[in-house]
Structure formats: structure tokens, C-alpha cells
Amino acid sequence: LDCNKDHISNPSCAEELIQNLPEIHALAKQISQHKGVTPIIFTEAEPEPHAKAGTEAAAYRIYFGESHQTHTVRVLTFAVDAKTGAIFVYDDLQSERIPLAEWRKRKRQSP
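Keep in mind it's a predicted model, so treat the numbers as computed, not measured.

### Details of the overall build of the protein
Part 1 of the argument: Check the secondary structure of the protein and you find 3 helices and 5 strands.
Part 2 of the argument: Walking the protein from its N terminus toward its C terminus, one meets helices and strands in the order α-α-β-β-β-β-β-α.
Part 3 of the argument: Whereas a compact globule of 111 residues would reach a radius of gyration of roughly 13 Å, the protein reaches 14 Å, a difference of no more than 12%.
Part 4 of the argument: Each principal axis of the C-alpha atoms in the protein carries an extent, and together these give about 45 × 35 × 25 Å.

### Details of helix H2 (residues 22-32)
Part 1 of the argument: Residues of H2 that are buried: Glu23, Ile24, Ala28 and Ile31. In a view along the axis of H2, the buried residues occupy a sector of 130°, so they form one face of it. Relative to its buried face, H2 has exposed residues pointing more than 90 degrees away, namely Pro22, His25 and Lys29.
Part 2 of the argument: Elements in contact with the buried residues of H2: helix H1 (11-19), strand S1 (38-45), strand S2 (59-67), strand S3 (72-81) and helix H3 (100-109).

### As for H1
Part 1 of the argument: For H1, every residue scored as buried is listed here: Cys13, Ala14, Glu15, Leu17 and Ile18.
Part 2 of the argument: Buried residues along H1 sit against H2, S1, S2, S3 and strand S4 (87-91).
Part 3 of the argument: For H1, the N-terminal cap is Asn10; the gap from its side-chain oxygen to the backbone nitrogen of Ser12 is 3.0 Å.

### Focus on the environment of Gln109
Part 1 of the argument: Looking at the secondary structure, you find Gln109 in helix H3.
Part 2 of the argument: Residues Gln109 and Phe64, spaced 45 residues apart in sequence, show a C-alpha to C-alpha distance of 22 Å.

### Some words on the pairing of S3
Part 1 of the argument: Here 9 bridges tie S2 to S3, and the two strands are oriented antiparallel to one another. Counterpart to Arg61 in the pairing with S3 is Ala79.
Part 2 of the argument: Linking S2 back to S3 in an antiparallel pair, the connection comprises 4 residues.
Part 3 of the argument: As paired elements, S3 and S4 share 3 bridges and run antiparallel to each other. Along S4, the bridge assignment pairs Phe78 with Val89.

### Re the pattern of salt bridges
Part 1 of the argument: Tallied over the entire structure, the rule returns 7 salt bridges.
Part 2 of the argument: Glu23 is the partner of Arg104 in a salt bridge, and the nearest nitrogen-oxygen pair spans 2.5 Å. Placement of the pair is Arg104 in helix H3 and Glu23 in helix H2, with a sequence separation of 81 residues.
Part 3 of the argument: Classification of Glu23 by relative accessible area gives buried; the value is 17%.
Part 4 of the argument: Among the ionic pairs, Asp91 bridges to Arg106, the shortest N-O distance being 3.2 Å. Placement of the pair is Asp91 in strand S4 and Arg106 in helix H3, with a sequence separation of 15 residues.
Part 5 of the argument: The class for Asp91 is buried, based on a relative accessible area of 17%.
Part 6 of the argument: Connected through shared salt-bridge partners, Asp91, Glu96, Glu102, Lys105 and Arg106 make up one network.

Cut-off values and rules
Numbering of residues begins from 1 in every chain and follows the order in which that chain's sequence is written. Whole-chain, interface and lining totals are the exception, using all residues; otherwise, since this is a predicted model, local features are given only for residues with pLDDT of at least 70 and side-chain atom pairs are given and counted only at 80 or more. Heavy atoms from the whole structure form the basis of all side-chain values; hydrogens and water molecules are not counted. The helix count covers DSSP runs of H or I at least four residues long, the strand count covers runs of E at least two residues long, and both are numbered beginning at the N terminus. The atom set for the radius of gyration is the C-alpha atoms, and the globule formula is 2.2 Å times the number of residues raised to the power 0.38. Between buried and exposed lies partly exposed: a residue is buried under 20% and exposed over 50% of the maximum accessible area for its type, with that area taken using a 1.4 Å probe on protein chains only. The reported arc concerns the directions from the helix axis to the C-beta atoms and nothing else. Any two residues whose heavy atoms approach within 4.5 Å are treated as being in contact. Each polar contact in these results corresponds to two N or O atoms within 3.5 Å; when the atoms are within protein, one needs to be able to donate a hydrogen and the other to accept it, and residues that are neighboring in sequence are counted only if both atoms are side-chain atoms. By definition, two strands form a pair when at least two bridges between them are found by DSSP. By definition, a salt bridge exists where a carboxyl oxygen of Asp or Glu is found within 4 Å of a side-chain nitrogen of Lys or Arg.

So this is what it looks like as C-alpha cells:
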């Protein structure tokens, strides 16, 4: 797959970008240690073609979670801006979309 971080042209590239994050790599490894559970990643929504860069409409929405035999469990949701390659993480508790760097900072600060 030829993926250009500055312009994400398809869902597979957006998913690959997320899979390659060290935090996701570690989480996937952790999930895989449980019997009958595997990590799962897929694109929930694709960007609107003429959406303005930086807006939610301009992003791929990526689901990352656990696949059990009968259901999946969401762990994190990401947005990958198709025009810039910027990565955002959905903070469900705050009902907001935050930049990856801010998410990492908050993770380090939490107990």
C-alpha cells in the first residue's frame, strides 16, 4: 500500500496510520493475550469529498477495539484528516475530538 501521510487517499491508509501508533501496537498486543479475543480496526466513516481540512467531515473515522466471538467492544475512536494526515482521538467522557499530542499528554497525566 502506498500511503502518503500528507494526503490519505483511502481507508486502508488511515487504518495503517492508526495501527502504527506505538500506543495502539501495545494495546493490540495486550488484547491478543486474552483467549478468544483479537484486536480489530476498521473505518466507520469516510470523509466528504469537498469538506474543509481540519473539520470532522474531512476525516476518516477509525474504530479500534476488541473482537470477541459474538460482539466487538470499542476501545478507542480516531479521526484521520484525509487532507493533512492529522490524527485526532475522540474523548467520549468530554464529548470532544482532541489532537493526538494532547491525548498523549492527558494519558501521561492520568493516574
